[in-house]
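Survey of secondary and tertiary structure
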Amino acid sequence: RGGPFVSGLPNHELHVRFAMPNGNYDYIVTYRFKLDGHVRVEIASSGYIQTHFMPPERGSQDSFAYRVQRFSGGSLHDHTYGFKVDLDVVSETNSFKTVAYKTGSTLEAVNAGLETPLTTK
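Residues numbered from 1 in each chain as written. Predicted model: local features only at pLDDT ≥ 70, side-chain atom pairs only at ≥ 80, totals over all residues. Heavy atoms only, no water.

Notes on the sheet that holds strand β2 (residues 25-34)
With antiparallel pairing, 3 strands are arranged side by side in an open sheet as β1-β2-β3. Two strands close off the open sheet at either side, each with one partner strand: β1 (13-22) and β3 (39-47). Along the sheet, successive strands turn relative to each other by an average axial angle of 15 degrees, direction set aside. As paired elements, β1 and β2 share 10 bridges and run antiparallel to each other. Within β2, the residue paired with V16 across the bridge is Y31. (Pairing = 2+ DSSP bridges. Helix = DSSP H or I, 4+ residues; strand = E, 2+ residues; numbered from the N terminus. Axes fitted to C-alpha atoms, helices over the stretch in contact; angles between N-to-C directions.)

Structure (structure tokens):
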């Protein structure tokens, strides 16, 4: 027949999903595997807000919380996720790297990596 040879595969994916209940949250993690080798990780959280007492004199918001009712506030916070992946590509010779978290002020975090640090003034 002649002409270039063309082939293809349906774009099927395998989804592996599980839920991890933790306190007032449920974390839903989905691993998506494609036939071409792509791996995608998706994570979502659901749950209910955990509030705390917030007196009226603090106003509608401050650096720690937003007011959600007359005497209650919802704390500002982050969710950090860590995943470990061990892939053997070509051989089983691997390297290992760790990441260490540290605490400090907001100004230290903003100044990290800046040639000219910001000041408080």
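There's more to say after this.
Some remarks on a nonpolar patch on the surface
A cluster of nonpolar side chains, contributed by L14, V16, F33, V39, V41, Y81 and F83, occupies part of the molecular surface with about 590 Å² of accessible area. If you list the elements that add at least two residues to the nonpolar patch, you get β1 and β3. Residue position: F33 is located in strand β2. Judged by its relative accessible area of 35%, F33 is partly exposed. (Patch = residues over 30% accessible without salt bridge, like charges linked within 9 Å, V, L, I, M, F, W, Y side chains within 5 Å. Areas by Shrake-Rupley, 256 points an atom, 1.4 Å probe, with all protein chains shown as cover. Salt bridge = Lys/Arg side-chain N within 4 Å of Asp/Glu carboxyl O. Buried < 20%, exposed > 50% of the residue type's maximum accessible area, 1.4 Å probe, protein only.)

Concerning the pattern of salt bridges
Taken as a whole and assessed by the stated rule, the structure comprises 5 salt bridges. Taking the shortest distance from any N to any O, the salt bridge between K34 and E13 comes out at 3.7 Å. Note that K34 is positioned in strand β2 and E13 in strand β1, a separation of 21 residues in sequence. Classification of K34 by relative accessible area gives partly exposed; the value is 32%. Among the salt bridges present, the one from R40 reaches E42, with a minimum N-O distance of 3.3 Å.

Some details on the layout of surface pockets
Roughly 180 Å³ of internal volume is contained in the largest pocket. Forming the walls of the largest pocket are Y31, F33, V39, V41, F83, K84, V85 and L87. Secondary-structure elements contributing two or more residues to the lining of the largest pocket are β2 and β3. Here the residues of the lining of the largest pocket are counted per class, giving 7 nonpolar, no polar and 1 charged. (1 Å grid on protein atoms, 1.4 Å probe; cavity = no way out; pocket = protein on both sides within 12 Å on 5 of 7 lines; lining within 4 Å. Points joined across faces, edges and corners; volume = space filled by probe spheres on them. Nonpolar A, V, L, I, M, F, W, Y, C, P; charged D, E, K, R; others polar.)

With respect to the sheet that holds strand β4 (residues 51-53)
Spatially, 3 strands are ordered β4-β6-β5 in an open sheet, and the strand pairing comes out antiparallel. The sheet terminates laterally at β4 and β5 (65-69), the two strands that pair on one side only. Across this sheet, the average inter-strand angle for adjacent strands is 45 degrees, counted without regard to direction. Pairing between β5 and strand β6 (residues 72-75): 4 bridges, direction antiparallel. Considered in β6, the bridge of A65 is made with S75.

Remarks on the packing of aromatic side chains
Overall, the coordinates contain 5 aromatic pairs when judged by the stated rule. Seen in terms of ring centroids, Y25 and Y27 are 5.8 Å apart; in terms of plane orientation they differ by 25 degrees. Their pairing is stacked. A single burial state applies to Y25 and to Y27, both of which are buried. Ring pairing ties together the aromatic residues F18, Y31 and F83, which thus form one cluster. (Phe/Tyr/Trp six-rings, centres within 6.5 Å; stacked < 30°, edge-to-face > 60°.)

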